[in-house]
Amino acid sequence: MSVTRKEPKAASATHVDVVIVGAGISGIGSAYHLQQQCAGKSYVVLEMKDTFGGTWETHKYPGVRSDSDLYTFGYRFKPWVGTPIASAEEILKYMGEVIEENGIGPHIRYGHRITGCSWSSKDNLWTVQTTRLADKSTVTFTCNFLWMCQGYYDHEKPYLPDWPGMDRYKGRLIHAQLWDPKLDYTGKRVLVIGSGATAATVIPAFAEKAAHVTMLQRSPTYFFCSENKNELADRLRQIGIDEPTIHRVVRAQIMYDQDMMAQRCKAEPDAVFEELKALIRHYAGENFQFEPHFTPKYRVWQQRLAFCPEGDVFKAAAAGKLSVVTDTLQTFTEKGVRTASGEEIEADIIVAATGFRLSVMGDIPFSVDGKPVNWHDTVTYRGMMFTGVPNLLWVFGYFRASWTLRVDMLGDFVSRLLSHLDETGAKRVEVALRDEDKDMQLLPWIEADNFNPGYLMRGLDQLPRRGDKPEWRHNQDYWAEKVEIPQTDLDGSEFLYDGRPRAKAGKVRKIQVA
Ligand SMILES: Cc1cc2nc3c(=O)[nH]c(=O)nc-3n(C[C@H](O)[C@H](O)[C@H](O)COP(=O)(O)OP(=O)(O)OC[C@H]3O[C@@H](n4cnc5c(N)ncnc54)[C@H](O)[C@@H]3O)c2cc1C
């Protein structure tokens with residue numbers, strides 16, 4: 001029987017109160033909070049992959065693991081019971097349990113790639129177009145609120161610089177994000193290009209079986225070496241404390257320690273670096289040489305510290321299994337690469353650990369009342385809402401603390417906002433610059449002297465802008481937000497409900513969406 005497909009119209013769309021975009025750690029956490037705090041709201045999670053996990057499903061390179069501890073990278077509501085640093089597999093198992101235990105599964109629509117989101121102020125609705133990957137059909141949803149949990153990078157196309165001579169190379173060149181688990185590196189010479197968290201993860205795993213591993217880095221990275229255990233958690237378990245209490249206490253301990261560390265990094269960076277070096281020496285021996293490959297040029301904490309459980313990278317270096325070259329890649333050759341200083345590095349497999357391609361809002365085209373949204377023309381409210389774009393929030397987590405701390409925090413915020421809409425009878429909420437914000441300087445999304453990873457710096461012109469007042473800043477500061485966000489006055493004059501401020505009548509300046 002042949003069936004003629006008609007293009008679905010908005011009328012045939014499935015309507016829900018909330019669409020959550022993405023079934024990564026942000027989307028699943030947000031679904032949990034919505035269910036818990038706004039019981040009765042209908043929702044779907046739209047995910048283009050055929051399973052949950054996001055980052056933890058995409059990355060399959062050897063040794064893939066967290067570099068945060070799971071007491072804080074895990075949700076506040078589900079105790080973590082394993083070692084602090086966890087493999088992707090363990091994180092997926094944890095997320096699977098959250099889905100199962102809370103009945104989230106039936107709400108997830110896998111294999112649905114969102115291809116467009118358009119807001120109508122007449123109907124106070126988002127229309128979300130998706131392509132169902134199984135049959136390439138268009139499936140449309142409408143919703144009142146769009147909860148963007150699509151992450152910040154392209155899961156399909158990583159960032160690979162266009163190096164000269166790449167086509168000449170006769171070995172296997174692969175980006176870490178696209179690693180094929182079937183690729184056998186036993187006895188091979190492996191070259192890893194890059195020195196960030198990914199490189200720190202793959203190198204010890206390669207070193208176990210490869211003939212030799214070389215890391216080619218443009219500049220050195222800070223490493224934090226530690227045992228993969230939490231003594232407080234182990235002790236509390238030993239004396240019979242229940243897991244929810246252990247989770248709460250150990251989270252508090254880790255966040256306190258991280259805060260102290262962050263403050264010290266700013267106040268006494270040299271002393272911190274000496275301590276990091278002492279930890280490395282513990283694993284690599286007293287005579288380990290830090291110059292030139294392990295002495296970074298940037299301030300400690302300007303980029304994420306690369307975590308090194310059990311000093312594994314340095315043990316590999318001390319055992320002669322890892323060589324480091326600090327230089328610029330000039331060209332690929334048939335057998336490997338040549339650096340700017342003329343050094344030839346031969347390799348059977350070259351792994352580019354060169355990072356992400358930024359993807360703002362999943363590269364989904366957005367429009368508001370028929371006008372395309374250019375995110376760079378918007379100003380962000382605390383890195384979560386955007387001027388001119390109603391009923392939408394983006395969960396952009398922390399970089400220097402665990403991403404997920406913000407998932408829980410914004411879960412509370414959205415739930416409060418949705419309840420506030422219900423209580424006041426308003427259908428639409430958006431943020432808008434006020435008269436007093438008129439002359440505010442508009443700045444790039446991230447404060448570059450505060451935190452400056454390459455993928456964000458490459459994409460600043462695609463990201464929303466921020467201002468210099470607390471409500472328009474995106475400060476990446478968990479400790480400040482922990483206090484400020486729960487106390488947000490939802491009737492503050494930066495919020496418009498159905499186009500009007502609630503608190504006091506006053507003029508507002510709406511930013512133009514191009
Ligand atoms: C290897 C690796 C290790 C990391 N380790 C840590 C760590 O230890 N600690 C830490 O804090 N952070 C870490 N990060 C940062 C990490 O990305 C975040 O912490 C977190 O996993 C991001 O979760 P997310 O759910 O927001 O986004 P993602 O994990 O990126 O998930 C987004 C989901 O949205 C889906 N999606 C996107 N666009 C669309 C669309 N158009 N239609 C439908 N679905 C779509 C994607 O398929 C994906 O499943 C790590 C990152 C990487 C790559």
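Before any of the text, the structure's been laid out above.
Heads up: these notes are all about the structure in this document. (Residues numbered from 1 in each chain as written. Predicted model: local features only at pLDDT ≥ 70, side-chain atom pairs only at ≥ 80, totals over all residues. Heavy atoms only, no water.)

### Considering the sheet that holds strand E15 (residues 344–346)
Going by this rule: Note on pairing: DSSP must find at least two bridges between two strands before they are called paired. Runs of H or I in DSSP of at least four residues are treated as helices and runs of E of at least two as strands, each being numbered from the N terminus. For helices, the axis comes from a line fit to the C-alpha atoms of the stretch in contact; other axes are also lines fit to C-alpha atoms, and the angle between any two N-to-C directions lies between 0 and 180 degrees.
Judged by pairing direction, the sheet is antiparallel, and its 3 strands sit side by side in the order E13-E14-E15 without closing on themselves. Each edge of the open sheet carries a strand with a single partner, namely strand E13 (329–332) and E15. On average, adjacent strands in this sheet sit at an angle of 25° to one another, irrespective of strand direction. Where E13 meets strand E14 (residues 336–339), 3 bridges bridge the pair, whose relative direction is antiparallel. When the bridges of E14 are listed, Leu 329 appears paired with Thr 339.

### Here's the deal with the side chain of Thr 331
So the rule is basically this: Nitrogen and oxygen atoms within 3.5 Å of one another constitute a polar contact, given that in protein one can donate a hydrogen and the other can accept it, and given that sequence-neighbouring residues count only through two side-chain atoms. Contacts: residue pairs with any heavy atoms within 4.5 Å of one another.
With respect to the element layout, Thr 331 can be found in strand E13. Of the polar contacts made by the side chain of Thr 331, one reaches the backbone oxygen of Pro 164; its length is 3.3 Å. Apart from the residues within four sequence positions on either side, Thr 331 is in contact with Pro 164, Gly 165, Arg 168, Val 337 and Arg 338.

### A short note on the pattern of salt bridges
Here is the rule: A pairing counts as a salt bridge when a side-chain nitrogen of Lys or Arg comes within 4 Å of a carboxyl oxygen of Asp or Glu. Only protein chains enter the area calculation, which uses a 1.4 Å probe; residues under 20% of their type maximum are buried, those over 50% are exposed, and those in between are partly exposed.
Under the counting rule described, the total for this entry stands at 31 salt bridges. For Asp 135, the salt bridge identified is with Arg 132, shortest N-O distance 3.0 Å. Since its relative accessible area comes to 42%, Asp 135 is described here as partly exposed. Linked by salt bridges that have partners in common, Arg 434, Glu 436, Asp 437, Lys 469, Glu 471 and Glu 494 make up one network.

### Notes on helix H10 (residues 403–424)
Using the following cut-off: To estimate the expected span of a helix, subtract one from its residue number and multiply by 1.5 Å.
With 22 residues, H10 ought to run about 32 Å at 1.5 Å a step, and its terminal C-alpha atoms sit 32 Å apart, in line with that. The element H10 is largely enclosed, with a buried count of 16 among its 22 residues. Directly beyond the C-terminal end of H10, a positive phi value near 80° is found at Gly 425.

### Comments concerning the nonpolar core
Applied cut-off: Within this scheme, the nonpolar core is defined by two criteria: the residues are buried Ala, Val, Leu, Ile, Met, Phe, Trp, Tyr or Cys, and they are joined through side-chain atoms within 4.5 Å.
Grouped together as the largest cluster of nonpolar side chains are 140 residues, with contacts concentrated most on Leu 146, Phe 366 and Phe 413. Per-element tally for this core: the top contributor is H10, with 10 residues. Once residues lying within four places of it in the same chain are set aside, the contact partners of Phe 366 are Cys 117, Trp 126, Leu 146, Met 148, Met 361, Lys 371, Pro 372, Val 373, Trp 375 and Leu 392. Membership of the second largest hydrophobic core comes to 13 residues, among which are Tyr 169, Leu 216, Ala 347 and Ile 350.

### Digging into the packing of aromatic side chains
Basically, it comes down to this: Ring pairs shown here join Phe, Tyr and Trp side chains whose ring centres sit within 6.5 Å, with only the six-membered ring taken for Trp; geometry is labelled stacked below 30 degrees between planes, edge-to-face above 60, and tilted in between. Whether a charge lies above a ring is judged from NZ of Lys or CZ of Arg, which has to be within 6 Å of the ring centre and within 35 degrees of the ring normal.
The tally for this structure, following the rule as stated, stands at 41 aromatic pairs. Where Trp 163 meets Phe 332, the ring centres are 5.7 Å apart and the plane angle is 40°; that geometry is what we call tilted. Highlighted residues: Trp 163 in the loop between strand E6 (137–148) and strand E7 (172–175) and Phe 332 in strand E13, separated in sequence by 169 residues. Owing to a relative accessible area of 0%, Phe 332 belongs among the buried residues under this scheme. Above the face of the Phe 273 ring, Lys 277 is positioned so that its terminal group lies 4.6 Å from the ring centre. One cation-aromatic arrangement involves Arg 458 over Tyr 159; the distance from NZ or CZ to the ring centre is 3.4 Å.

### A word on the site of the ligand
Put simply, the rule reads: Definition of nearness: a residue and a molecule or strand are near each other if at least one heavy atom of the residue lies within 4 Å of the molecule or strand. To be clear on the numbers: accessible area is Shrake-Rupley with a 1.4 Å probe, and residue cover counts the displayed protein chains and nothing else.
Ser 26, Glu 47, Thr 55, Ser 68 and His 155 are the nearest of the 31 residues found near the ligand. Ser 26 places a polar side-chain atom, nitrogen or oxygen, 2.5 Å from an oxygen atom of the ligand. Residue Ser 68 places a side-chain N or O atom 2.6 Å away from a nitrogen atom belonging to the ligand. Summarising the interface, the protein chains cover 96% of the accessible area of the ligand, which totals 980 Å² for the free molecule.

### Quick word on the layout of surface pockets
Just so we agree on the cut-off: Using a 1 Å grid laid over the protein atoms alone, points where a 1.4 Å probe fits but cannot get out form a cavity; open sets with protein on both sides within 12 Å along at least 5 of 7 lines form a pocket; any residue with an atom within 4 Å of a point counts as lining. Grid points are joined across faces, edges and corners, and a volume is the space filled by probe spheres set on the points. In this classification, Asp, Glu, Lys and Arg are treated as charged, Ala, Val, Leu, Ile, Met, Phe, Trp, Tyr, Cys and Pro as nonpolar, and every other residue, Gly included, as polar.
Empty space within the second largest pocket amounts to approximately 810 Å³. Breaking the lining of the second largest pocket down by element, the ones donating at least two residues are strand E10 (223–226), helix H7 (243–267) and helix H8 (269–284). The greatest single-element share of the lining of the second largest pocket, amounting to 6 residues, is contributed by H7. Class assignment of the residues belonging to the lining of the second largest pocket gives a composition of 12 nonpolar, 7 polar and 10 charged.

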